[in-house]
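For reference, the chains in residue letters:
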Amino acid sequence: MSRLIRSRVCEVKAANLRDLSYVAAHMRAADRAEVECQMDEWSATVVAAVSLRDFAFTVDLNGNPEAAFGAGQVRQGYWLAWSWGTHRLMRCLPTMIQFITEQLQPAVYAAGALRVEARALKSHTQACAFLRRIGGHHRCDLPAYGKGGEDFVLFDWTRETWQTNRSAQV
């Protein structure tokens with residue numbers, strides 16, 4: 001990726017374990033509920049370490065990491081996208097959305113992605129709206145996907161739909 005995005009108060013940076021751990025430890029309640037019910041045991045450090053692969057970024061707000069996002073390859077052609085943040089995440093969203101749509105998505109497809117998926121807790125309406133905003137397509141509901149029986153929603157992107165959408169925007 002050629003450049004990181006910086007606004008007056010927000011800056012996207014390549015992630016490191018310290019910043020990811022900070023954001024994970026201070027995750028807003030809805031994000032923590034979503035992440036926690038997909039893990040056997042909650043640990044901010046484990047969440048951070050697992051996220052630090054392939055493409056991982058943080059968004060600093062006034063110099064402090066407040067949001068984290070990225071995408072990791074599961075197998076050739078298949079990637080998972082993720083994001084979470086602190087209670088200040090909403091102030092980071094415009095910068096984050098711009099970076100994801102202008103730089104991260106093209107980089108993931110350039111790295112060989114054929115399909116990208118993201119899961120959201122069905123009750124986490126902000127996460128679902130965010131995934132739609134960055135071009136995710138609601139693929140299906142995932143009843144009882146969480147370790148406690150929580151319902152999730154699966155969003156996806158394919159190289160074909162991403163290229164079609166980009167061509168339509170030009």
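Structure shown above.
Just so we're clear, the structure is a prediction, and the values are computed from it rather than from any experiment. (Residues numbered from 1 in each chain as written. Predicted model: local features only at pLDDT ≥ 70, side-chain atom pairs only at ≥ 80, totals over all residues. Heavy atoms only, no water.)

## Some remarks on helix α1 (residues 17–25)
Worth spelling out the cut-off: Accessible area is worked out with a 1.4 Å probe on protein chains only. A residue is then buried under 20% of its type maximum, exposed over 50%, and partly exposed in between. Working definition: helices are DSSP H or I runs of at least four residues, strands are E runs of at least two. Numbering for both runs from the N terminus. Two residues form a contact once any of their heavy atoms are found within 4.5 Å.
Among the residues of α1, those classed as buried are D19, L20, S21, V23 and A24. Elements that come into contact with the buried residues of α1 comprise β1 (10–14), α3 (44–51), β2 (55–61), β3 (64–75) and β4 (78–85).

## Re unusual backbone geometry
One non-glycine residue with positive phi stands out, namely D54, at about 50 degrees. Locating D54 in the fold gives a position in the loop between α3 and β2. A relative accessible area of 47% places D54 in the partly exposed class. Here A144, not a glycine, exhibits a phi torsion of approximately 55 degrees, which is positive.

## Comments concerning the packing of aromatic side chains
Note the cut-off: Each pair of aromatic rings taken from Phe, Tyr and Trp, with Trp reduced to its six-membered ring, is defined by centres within 6.5 Å and is described as stacked if the planes are under 30 degrees apart, edge-to-face if over 60, and tilted in the remaining cases.
Enumeration over the complete set of coordinates arrives at 6 aromatic pairs. Arranged with centres 5.8 Å apart and planes meeting at 65 degrees, the rings of F69 and F99 form a pair that is edge-to-face. In this pair, F69 is assigned in strand β3 and F99 in helix α4 (residues 89–110), connecting sequence segments 30 residues apart. Assigned by exposure class, F69 and F99 land together as buried. Put simply, the rings of F57, F69 and F99 touch in pairs and so form one group of aromatic residues.

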